[in-house]
Amino acid sequence: MFVELIIQLIKALMKAGDSAGTPAVPARRREYVEAEQEMRNRQIREEIRRKIEERRAAGAPARTASTRPPLRVDERSSEATTPPPVIRLPSVSQRRAVPVEPPPVPEQVDVSSEVERQAALLEDLRATIAKKEAAEKREAVSVMEASRNAALQTAVPSPLLLELRDPDSFRRAIILREILGPPLALR
């Protein structure tokens, strides 16, 4: 409520700053706001004092005179209205104590058996990883062999390649390259 009042006040000041020559907040309204702030501050101080007294009394709540709720000024109708009544919850000392069960105590575990169990789990994990890697390698090899076999089956040997398989034809091809190819200085 107090925060909303401050926000509205700031908005009003900003609007007033935009229009030249008009006062930021009417004097009468300002008096209401200041009076409300003063009452609010007084109530907060009293509340703090009351809480301090309660804590010092170790659970015996301090009795303070009930204060009348402050008047609020409604921005729309400019009428003074009283706020709704405040509902007070019982203080900590007035509340009933609820017994809390302690958390269950975990069973005592033999450290050596726990270490052995974890070592066995680690070995199982390593064996599983090794099996997985071996399966991945076998799959990769089979894929490579399949692709190589497919490439060999689809490749049709050209007559030129068949001719180069003969050693005499191969020598002849090298000599022709030397004669018909670029000069040695340009290679």
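Above this note sits the structure.
Note that the structure is predicted; figures quoted are calculated from it, not measured.

A.B. asks: What am I meant to see in a nonpolar patch on the surface here?
C.D. replies: Side chains of L160, L161, L164, F170 and I174 sit close together on the surface and give an oily, nonpolar patch of about 470 Å² of accessible area. Those elements that place two or more of their residues in the nonpolar patch are α4 (159–164) and α5 (167–180). Looking at the element boundaries, L160 is found in helix α4.

A.B. asks: Is there a simple way to think about the side chain of S169 in this case?
C.D. replies: Checked against the element boundaries, S169 lands in helix α5. Owing to a relative accessible area of 17%, S169 belongs among the buried residues under this scheme. Among the polar contacts made by the side chain of S169, one reaches the main-chain carbonyl oxygen of E163 at a distance of 3.0 Å. Those residues in contact with S169 that sit more than four places away from it in its chain are E163 and L164.

A.B. asks: What is the right way to look at the pattern of salt bridges in this model?
C.D. replies: Pairing is possible between side chains of opposite charge, provided their charged atoms come close. Tallying each qualifying case throughout the model produces six salt bridges. Its salt-bridge partner being E47, residue R50 comes within 2.2 Å of it at the nearest N-O pair. Taken together, the residues R50 and E47, both in helix α2 (residues 27–56) and three residues apart, mark about one turn of the helix. For R50, a relative accessible area of 17% puts it in the buried group. A salt bridge links R50 to E54, with the nearest nitrogen and oxygen atoms 2.5 Å apart. In this pair, R50 and E54 both sit in helix α2, four residues apart, roughly one turn of the helix. Since its relative accessible area comes to 16%, E54 is described here as buried. Overlapping salt bridges bring together E47, R50 and E54 as one network.

What counts and how
- Residues numbered from 1 in each chain as written.
- Predicted model: local features only at pLDDT ≥ 70, side-chain atom pairs only at ≥ 80, totals over all residues.
- Heavy atoms only, no water.
- Patch = residues over 30% accessible without salt bridge, like charges linked within 9 Å, V, L, I, M, F, W, Y side chains within 5 Å.
- Areas by Shrake-Rupley, 256 points an atom, 1.4 Å probe, with all protein chains shown as cover.
- Salt bridge = Lys/Arg side-chain N within 4 Å of Asp/Glu carboxyl O.
- Helix = DSSP H or I, 4+ residues; strand = E, 2+ residues; numbered from the N terminus.
- Buried < 20%, exposed > 50% of the residue type's maximum accessible area, 1.4 Å probe, protein only.
- Polar contact = N/O pair within 3.5 Å; in protein donor to acceptor, adjacent residues only side chain to side chain.
- Contact = heavy atoms within 4.5 Å.

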